[in-house]
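Read off the chains here:
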Amino acid sequence: MPAPVIVIGGGPAGLTAAYKLVVAGEPPVVVEEDSVVGGISRTVVRDGWRFDIGGHRFFTKVKPVEEFWHEILPPEDFLLRPRMSRIFYGGKYYDYPIKLGNALSNLGVVEAFRCGLSFLWVRIRPPKDLTTLEGYIVSNYGWRLFDHFFKTYNEKVWGVPASELSADWGAQRIKGMSLWNAVWEPVRSSLAGKRQDKSKLVTSLIEEFEYPKYGPGMMWERCAEKITDLGGSVRMETKATTVHVENGAAVAVTVSCGDTEERLTASHVISSMPFTALARIVDPPVPEKVLRAADDLHYRDFLTVALVVPEDRGFPDNWIYIHSPDVLVGRIQNFGSWSPYLVKDGRTCLGMEYFVFEGDDLWSCSDEDLVALGTKELAAIGLVEASDVEAGYVVRMPKAYPVYDDVYRQNVEVIRKWFEQYAPNVHPVGRNGMHKYNNQDHSMYTAMLTVENIHGAHHDIWSVNVEEEYHEVDADQGGPGTGRTGRDAPIMPRRTSEVGNVAG
Ligand SMILES: Cc1cc2nc3c(=O)[nH]c(=O)nc-3n(C[C@H](O)[C@H](O)[C@H](O)COP(=O)(O)OP(=O)(O)OC[C@H]3O[C@@H](n4cnc5c(N)ncnc54)[C@H](O)[C@@H]3O)c2cc1C
């Protein structure tokens, strides 16, 4: 019997790879260090309340991914949810994506006219520096809309002036999204008298999306069960601690579970663990230059304070962006709007989202203090009285966002090239696995293509989510502050230590 493929990580990428392998008759061994599957796409369960890390929409233009989701879960487990998200700014709610009528009535005719002029002005005189996020967004929206809807949120979430963030992120994430698209697309489709063509949509304009009724974790729990049923192995609370390389290939992975260590022989290693951590566990150690590159890749972390309130104190939106500079919270999810199966007892659960660095003041606060802070901020912005909050839970998610700073690309290249040359049967996949802002679909797709590569294909998985062939024109998730929901990180300037607690 040939040695199995060892898959590191039981998130979307790892489990997708494992499922594809087991279906092909090659049962793999998945090792997952946590006690739950799903990675960042897990569903957290506390006292019967369920919530995501952020909110995970299931939307893709990658057909094999869509088919995969429907192979794992039957139709009755999916809900088709309307998307609603607004910006809370200056005491008013603005629709997002921006809708002309709503923006006009909120801004007032005079300010709306100024925004229009400002949009036209940048057509004549574009910002000088298009390499910054500020320049990129201004060139798409004009200065005034940038000031109203992008600047404050970005700077609040990232703690860095948008003029110091790189346009690369904007180019990847706001591609295809412009004021013109936002205004014209709905008009165009209503004139054409038909629903919007999914294949032509930038994701920001998606009006509805699929969602597993018990949250995204349901997808990955079911996937793990199927892998096991078909003869694969999913080993929980088992951490990959060493990848052994001999004669130009990985030959084994040492894993630890509690006090026990075990060496598992491997034909290939598919790794969705953070790229930085992978480089550090190779034996014999990778050269100093590669270690330095790994040490120089950074992450942005995330925490949610989930507050239980009476259902009628919730809001119809899936989430609301909070632009107010007076509070630290960046975004608020209403998990009851995602699925009625996540909540119970005539109550809903509001997820106050804070963007942090692991170990900073907010991250290190006690859960009790964080629940008190979330409650206070909910009341401060006038959404829910503090006395209406009945319970609170805190979930910290380290490494939610790979940081794109101005040298991350070179660092990724150094690590990638080393593996390609000295251990080509080690295959990095997924989001942190490749240090790339892949959503579930692109994380999964890199895993699917990797399995095909193991079977002899020659896909360039680094092109997924970059080149047109693989690219979902993807303005989405976007937030007013970011062009997406704030679940993506822009490129940060290289001074992480100075950035401090951006949420604070
Ligand atoms: C706030 C937020 C909102 C998002 N919203 C959406 C959305 O709406 N739609 C969408 O499609 N995507 C969304 N995403 C992206 C999505 O969460 C990720 O793309 C996806 O989870 C990445 O899957 P992955 O398997 O590559 O990595 P992960 O989900 O990070 O999983 C990696 C797994 O590896 C495990 N692991 C790490 N190290 C080891 C080790 N040494 N040994 C064993 N196991 C290890 C981890 O415990 C983890 O379970 C969002 C992300 C964030 C942060």
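One can find the structure itself at the top, above this paragraph.
An account of the accompanying structure is given in this report.

Parameters and conventions
- Residues numbered from 1 in each chain as written.
- Predicted model: local features only at pLDDT ≥ 70, side-chain atom pairs only at ≥ 80, totals over all residues.
- Heavy atoms only, no water.
- Pairing = 2+ DSSP bridges.
- Helix = DSSP H or I, 4+ residues; strand = E, 2+ residues; numbered from the N terminus.
- Axes fitted to C-alpha atoms, helices over the stretch in contact; angles between N-to-C directions.
- Expected span 1.5 Å × (residues − 1).
- Buried < 20%, exposed > 50% of the residue type's maximum accessible area, 1.4 Å probe, protein only.
- Arc of directions from axis to C-beta.
- Contact = heavy atoms within 4.5 Å.
- Salt bridge = Lys/Arg side-chain N within 4 Å of Asp/Glu carboxyl O.
- Phe/Tyr/Trp six-rings, centres within 6.5 Å; stacked < 30°, edge-to-face > 60°.
- Lys NZ or Arg CZ within 6 Å of the ring centre and 35° of its normal.

Re the sheet that holds strand β6 (residues 85-89)
Two orientations exist for strands paired in a sheet by backbone hydrogen bonds: parallel and antiparallel. Taking strand neighbours across the sheet as the criterion, the seven strands line up as β7-β6-β16-β17-β18-β15-β19 in an open arrangement whose pairing is mixed. Whereas interior strands pair on both sides, the edge strands pair on one side only; in this sheet they are β7 (92-96) and β19 (391-402). For this sheet, the mean inter-axis angle between neighbouring strands, taken without regard to orientation, is 25°. Pairing of strand β15 (residues 299-310) with β19, which is carried by nine bridges, proceeds in the antiparallel orientation. The residue of β19 that forms the bridge with Thr304 is Val395.

Points about the pairing of strand β13 (residues 268-271)
As a general feature of sheets, a regular strand has side chains that alternate between the two faces. When strand β1 (residues 5-8) meets β13, the two strands line up parallel, connected through four bridges. By the bridge assignment, Ile6 is partnered in β13 with Val269. Across three bridges, the pairing between β13 and strand β21 (residues 426-428) is parallel. Paired with Ser271 across the bridge in β21 is Pro428.

Describing helix α4 (residues 109-124)
Taking 1.5 Å of rise per residue, 16 residues should cover 22 Å, and α4 covers 23 Å from first to last C-alpha, within 8% of that figure. What α4 keeps buried is the set Glu111, Ala112, Cys115, Ser118, Phe119 and Val122. End-on, the buried residues of α4 take up no more than an arc of 115°, which puts them together on one face. Away from its buried face by more than 90 degrees, α4 exposes Val109, Val110, Phe113 and Ile124.

Thoughts on the sheet that holds β21
Here five strands make up an open sheet; going across it, the order is β9-β2-β1-β13-β21 and the pairing parallel. Of all the strands in the sheet, just β9 (233-235) and β21 have a single pairing partner and so form its edges. The sheet shows a mean angle of 20° between the axes of neighbouring strands, taken without regard to direction. Across the sheet, helix α16 (residues 440-454) touches β13 and β21, and the angle it forms with β13 is around 170°.

Considerations on the pattern of salt bridges
Under the defined criterion, the tally for this structure stands at 18 salt bridges. Here Glu33 ties to Lys239 by a salt bridge, and the two come within 4.0 Å at their closest N and O atoms. Here the residue Glu33 occupies a position in the loop between β2 (29-31) and β3 (43-46), and Lys239 occupies one in strand β10 (residues 239-246), the gap between them amounting to 206 residues. Look at Lys239 and you get partly exposed, because its relative accessible area is 41%. Close ionic contact of Arg416 with Glu420 constitutes a salt bridge, the shortest N to O distance being 3.0 Å. Of this pair, Arg416 and Glu420 are both found in helix α15 (residues 408-422), four residues apart, which corresponds to roughly one turn of the helix. A relative accessible area of 42% places Glu420 in the partly exposed class. Through salt bridges with shared partners, one network takes in Glu413, Arg416, Lys417 and Glu420.

Quick notes on the packing of aromatic side chains
As enumerated under the stated definition, the model contains 20 aromatic pairs in all. Arranged with centres 5.2 Å apart and planes meeting at 50°, the rings of Phe209 and Trp338 form a pair that is tilted. With a gap of 129 residues between them, Phe209 in strand β8 (residues 208-212) and Trp338 in helix α12 (residues 335-338) connect regions that are remote in the sequence. Across this residue pair, the class does not change: Phe209 and Trp338 are buried. An aromatic cluster of three or more residues is present, and its members are Phe209, Tyr211, Trp319, Tyr321 and Trp338. Note that Arg57 overlies the ring of Phe209, its terminal NZ or CZ placed 5.9 Å from the centroid.

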